[in-house]
Amino acid sequence: MEFHKIQRLPPYVFDQVNRLKSSARAAGVDIIDLGMGNPDLPTPSWVVDKLCEAVQHPRTHRYSASKGIIGLRRAKAAYYARRFNVKLDPDTQVVATLGSKEGFANMAQAITAPGDVILCPNPSYPIHTFGFLMAGGVIRSVPVEPDETFFQALEMAVRHSVPKPLALIISYPSNPTARVATLDFYKDVIAFAKKHDLIVLSDIAYAEIYFDGPPPPSVLEVPGAIDVAVEFSSMSKTFSMPGWRVGFAVGNERLIRALTRVKSYLDYGAFTPIQVAAAHALNSDGEDAARARDIYRTRRDTLVKTFADAGFDVPAPAATMFAWAKIPPDFRHLGSLEFSKLVLEKAQVAISPGIGFGEMGDEYVRLAFVENEDRIRQAARNLKRWLSPIARPPQLDKTTKGI
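Cut-offs applied
- Residues numbered from 1 in each chain as written.
- Predicted model: local features only at pLDDT ≥ 70, side-chain atom pairs only at ≥ 80, totals over all residues.
- Heavy atoms only, no water.
- UniProt positions renumbered as here; feature names shortened; annotations may be inferred.
- Helix = DSSP H or I, 4+ residues; strand = E, 2+ residues; numbered from the N terminus.
- Expected span 1.5 Å × (residues − 1).
- Buried < 20%, exposed > 50% of the residue type's maximum accessible area, 1.4 Å probe, protein only.
- Arc of directions from axis to C-beta.
- Contact = heavy atoms within 4.5 Å.
- Core = buried A, V, L, I, M, F, W, Y, C linked by side-chain atoms within 4.5 Å.
- Phe/Tyr/Trp six-rings, centres within 6.5 Å; stacked < 30°, edge-to-face > 60°.
- Lys NZ or Arg CZ within 6 Å of the ring centre and 35° of its normal.

The protein chain carries the name Aminotransferase in an unreviewed UniProt entry, which gives Rhizobium leguminosarum bv. trifolii as its organism. The UniProt entry for the protein chain carries the following text under Cofactor (unreviewed entry): "pyridoxal 5'-phosphate". What UniProt states about the protein chain under its Sequence similarities (unreviewed entry) heading is, verbatim, "Belongs to the class-I pyridoxal-phosphate-dependent aminotransferase family."

## Comments concerning helix 2 (residues 14-26)
Over its 13 residues, helix 2 extends 18 Å from the first C-alpha to the last, a length consistent with the 18 Å expected when each residue adds 1.5 Å. Every buried residue belonging to helix 2 is among Phe-14, Val-17, Lys-21 and Ala-24, and all of these are buried. Viewed end-on, helix 2 has its buried residues packed into an arc of 95 degrees, placing them on one side of the element. The outward face of helix 2, more than 90 degrees from its buried face, is lined by the exposed residues Arg-19 and Ala-26. Against the buried residues of helix 2 lie strand 1 (32-33), helix 6 (126-134), helix 12 (336-347), strand 10 (349-350) and strand 11 (352-353). Immediately beyond the C-terminal end of helix 2, within one or two residues, lies Gly-28, with a positive phi of roughly 90 degrees.

## So, the nonpolar core
With 52 residues, the main nonpolar core has Tyr-80, Phe-150, Ile-170, Tyr-186, Leu-220, Met-235 and Phe-248 as its most contacted residues. At the level of elements, helix 4 (70-84), strand 2 (94-97), strand 3 (117-121), helix 7 (148-160), strand 5 (167-171), helix 8 (183-195), strand 8 (247-251) and helix 10 (272-282) are the ones that each hand at least two residues to this core. Ranked by size, the runner-up nonpolar core spans 37 residues in total, among them Ala-310, Val-343, Ala-368 and Ile-376.

## Details of the UniProt feature "domain: Aminotransferase class I/classII large" (unreviewed entry) in the protein chain
UniProt feature "domain: Aminotransferase class I/classII large" (unreviewed entry): in the numbering of this structure it lies at residues 30-381. Within residues 30-381, the helical portion is 41% and the strand portion 14%, while the C-alpha atoms at the span's ends are 14 Å from each other.

## Examining the packing of aromatic side chains
The tally for this structure, following the rule as stated, stands at 18 aromatic pairs. Ring geometry for Phe-104 against Phe-232: centres 4.6 Å apart, planes inclined by 40 degrees, an arrangement best described as tilted. Note that Phe-104 is positioned in helix 5 (residues 99-111) and Phe-232 in strand 7 (residues 229-234), a separation of 128 residues in sequence. Residue Phe-104 shares its accessibility class with Phe-232, and that shared class is buried. Grouped by ring-pair contacts, the aromatic residues Phe-150, Phe-151, Tyr-172, Phe-185 and Tyr-186 constitute a single cluster. Above the face of the Phe-322 ring, Arg-366 is positioned so that its terminal group lies 3.9 Å from the ring centre.

See below:
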C-alpha cells in the first residue's frame, strides 16, 4: 500500500536516466554528465580555510540556531544592500535554510492548507511544485515566459480557480529555461499580487550567474514588494558550495516568521562552522563569484558552438549554468525522456529530460555546464559521430539506383 503523500507525487523521471547512467559507468563506460546541475568548481580555498578555523573551537560543535547564526543573517542582509539596494532586518526578515530547496519545501508546509491553489510556471524546478503537492496544495500552471502571456494566464487562473490562489511562484533566472526577468516585469507581478491578495515566492538561486546584459534584479527591489514577497537563494552556485547546504529566505516578516517556526520543530540549523564560513564568503568582494561566472560563460560558448557543429542546435542562455534546447526534429516524436535515454546510450552523454520540469518541457532537454571544456568538446564529438549518419544517410549505389 502506498502512502497518501507519496501517491500524490508524480514519478521522478530523472531516476530513470540516473539508473542508466549508473549502470553504464558500472560497466566501464565513460559517461560525460551534463545532466544534474551539480557544480564541479571547488569552493574557494579561503572559505574552506575559514571553516577549518571555526571548527577548531569546541563551542561551534554544539547545536546551532535553526534560523541561522546572527553573523550569517547580517552578512545576507549586507549582501542584499550592496547587490540590490534592498534593506533587510536580519532579525526578522532573514532566515538561513539548509539550501534553497529545503527553504522552499518548508515554506510550503508553513503556509499551505489542503486544497490551496498555487500558481507555478511550467516548466519549473521540481521543488516549486512538489513541495506544495506534499503539503496538500494544488498546482495550476502558468507560462514561464516573463511577458504578456504570463499575465494573461494569471488573470485566467485567478478568475477560474476555486478556491482563489494562495501564492504565485516565480524563478528568474529560470531553471531550467534560463529566461531572465526585468525589474519592470517584477513591478507588474507585485501590482498583480497586491490586487489579488497573493503571496509571491521568488527563487533567485542563479542571480549571480549571468552572461549577457545587466545583473538580474530581485523582486524585492520593487517598492512595497516586501509586503507580499519572500525570496529564496543559495550559496551553492554563487560560491560553488552545493554540498555545504546553505541557503536563505528573505522578505516579508510574517512569512519569514512562519517559516522560522516550522523549521524550529524540524532542525537545529547547519553546522555552525559552515555558517561562519558562509558568512565570510558573503562578506567578500565577489571576485570568486566573478571568476566562476567567467568559467561558466566559456563553457556555455564552447557547448553552443561544438554542439551546433555536431548537428544539435543549442540557444546560448543569458544566465544560469544551463542551456535549454529543443530536441532535434528527427527525434522530437520520442519525447524528452526517451531522447535522453538514447543520447546516453548512443553518445555516452547524460542530459536532463525536459519532462522532469513539467509537461510543457517535454520537447526540450536541459544541458548543464558542469564538465570542463575538453569534456564538452568530447561530448560534441560523441554526438556528431552518432548524429551525422542520421542527418546524412548514405546515398544509394549508382549501380542499384532505380532498381
